[in-house]
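# A look at the structure
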Amino acid sequence: MFYYYGRKKQIAKHYPIPNYDVIIEPFAGAAAYSFHHNSIAKKVILIEKDEKVANIWKWFIHEATERDIQSLPDLQPGERSTEFLHIIHAATKMAFAFKRIKVTPVLARNWEISRRVFAKHLHEIKHWEIICGDFTEAPDIEATWFIDPPYLGEPGMGYRHSSALINYTELAKWALSRKGEIICCEGIGANYLPFTPLIELKGIAGKTSKEMIFYKQGSRNKQSNILDLIEPGRSGNRLLLPDISV
Ligand SMILES: C[S@@+](CC[C@H](N)C(=O)[O-])C[C@H]1O[C@@H](n2cnc3c(N)ncnc32)[C@H](O)[C@@H]1O
């Protein structure tokens with residue numbers, strides 16, 4: 001929904017599509033996966049420990065009107081802002097440490113794009129739920145779980161609630177005990193779950209980074225795989241027919 005350090009907007013389409021009517025993001029951030037797969041028919045539950053980030057969601061879900069969005073002022077390069085929603089539009093790891101930022105041309109442009117997105121999609125997220133708290137406070141229900149914590153080690157250090165505060169062994173145990181299907185995101189090098197490569201991303205100055213995934217099906221997938229045996233493609237699943245190659 002908004003620019004955010006580590007958001008999954010560009011790669012949301014590469015993750016498995018949700019097979020459940022409820023999507024839960026226990027590390028919400030800007031919730032790009034839920035936003036990509038959003039529909040009025042789906043329930044979306046977000047959990048976010050950073051109160052400032054959760055408050056943005058509370059404002060969008062419970063208060064903001066289209067008129068409020070339209071009356072948000074432009075940002076001018078060179079001006080300074082103490083508004084957290086502006087600061088995170090810098091989409092850098094440093095943003096969380098700033099109390100005030102100087103608006104760059106890139107930030108002004110990001111903000112302009114975001115305002116248009118907010119105005120267009122606000123009505124589609126009004127049925128979402130936001131819980132400000134720890135990921136363990138998520139309801140224990142059957143769902144598509146999109147689990148995107150701060151990445152292990154240095155890459156996850158930028159957030160106010162950073163990787164240094166997470167016990168990844170406990171997180172893995174918790175993730176594996178969710179009901180439904182689970183999609184877990186990480187960078188290269190994390191081994192608290194058996195991650196496999198999802199996609200390689202091109203960064204600046206020719207640098208690349210690998211996005212890793214751990215995916216575990218739920219019982220709903222198994223049922224729809226049977227439907228696919230009868231009528232291939234019916235479930236929309238990636239994992240369709242059994243491998244019968246020799
Ligand atoms: C990698 S970001 C999520 C990005 C998100 N998937 C997106 O598309 O924008 C991780 C988020 O988890 C939050 N977080 C960190 N520790 C948490 C905890 N213990 N419980 C819930 N949220 C936490 C951080 O504040 C951050 O917003």
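Residues numbered from 1 in each chain as written. Predicted model: local features only at pLDDT ≥ 70, side-chain atom pairs only at ≥ 80, totals over all residues.

## As for the overall build of the protein chain
Within the protein chain one finds seven helices and nine strands. When burial is assessed residue by residue, the protein chain has 32% of its 246 residues classed as buried. Considering only intrachain contacts with a sequence separation of at least 6, the fraction spanning at least 24 residues in the protein chain is 60%. (Helix = DSSP H or I, 4+ residues; strand = E, 2+ residues; numbered from the N terminus. Buried ≥ 20, exposed ≤ 12 C-beta atoms within 10 Å, placed from the backbone. Contact = placed C-beta atoms within 7 Å.)

## Considerations on the sheet that holds strand S5 (residues 129–132)
Strand-to-strand pairing in sheets goes through backbone hydrogen bonds, with the strands running parallel or antiparallel. Read from one edge to the other, the open sheet built from seven strands follows the order S5-S2-S1-S6-S7-S9-S8, with strand pairing classed as mixed. Two strands in the sheet have a free side with no partner beyond their single neighbour: S5 and strand S8 (196–202). Averaged over neighbouring strand pairs, the angle between their axes works out to 20 degrees when direction is ignored. In this sheet, strand S7 (residues 180–187) lies alongside strand S6 (residues 143–147) in parallel orientation, the contact comprising five bridges. Paired with Trp-145 across the strands is Ile-182, a residue of S7. Strand contacts of helix H2 (residues 51–63): strand S2 (43–48) and S5, with the helix running at about 155 degrees to S5, the strand carrying the most contacts. (Pairing = 2+ DSSP bridges. Axes fitted to C-alpha atoms, helices over the stretch in contact; angles between N-to-C directions.)

## Details of the site of the ligand
The environment of the ligand is formed by 22 residues, the closest being Arg-7, Phe-27, Gly-29, Ala-30 and Ala-32. Residue classes in the shell around the ligand are distributed as twelve nonpolar, three polar and seven charged. (Near = placed C-beta within 6 Å. Nonpolar A, V, L, I, M, F, W, Y, C, P; charged D, E, K, R; others polar.)

## Description of the confidence of the model for the protein chain
The predicted model of the protein chain averages 89 in pLDDT, with 89% of residues at 70 or higher. Scored below 50 in pLDDT, residues 233–246 shows 22 contacts in the model against residues more than four places distant or in partner chains. (pLDDT = per-residue confidence, 0-100.)

## Some words on H2
Inspection of H2 places Val-53, Ile-56, Trp-57 and Phe-60 among the buried residues, and these make up the whole buried set. Considered in projection along H2, the buried side chains sweep an arc of 90 degrees and stay on one side of the axis. Exposed residues lying more than 90 degrees from the buried face of H2 are Glu-51, His-62 and Glu-63. For H2, the elements touching its buried residues are S2, helix H4 (84–87) and S5. (Arc of directions from axis to C-beta.)

## Points about unusual backbone geometry
Backbone geometry at Ala-31 places phi at a positive 50 degrees, although glycine is not the residue there. Looking at the secondary structure, you find Ala-31 in the loop between strand S1 (22–25) and helix H1 (32–36). For Ala-31, a count of 29 C-beta atoms within 10 Å translates into the label buried.

## Comments concerning the pairing of S8
With zero of seven residues buried, S8 is to be regarded as a mostly surface element. Looking at chain direction, S8 and strand S9 (residues 208–216) are connected through six bridges and run antiparallel. Note on S9: the bridge partner recorded for Glu-200 is Lys-210.

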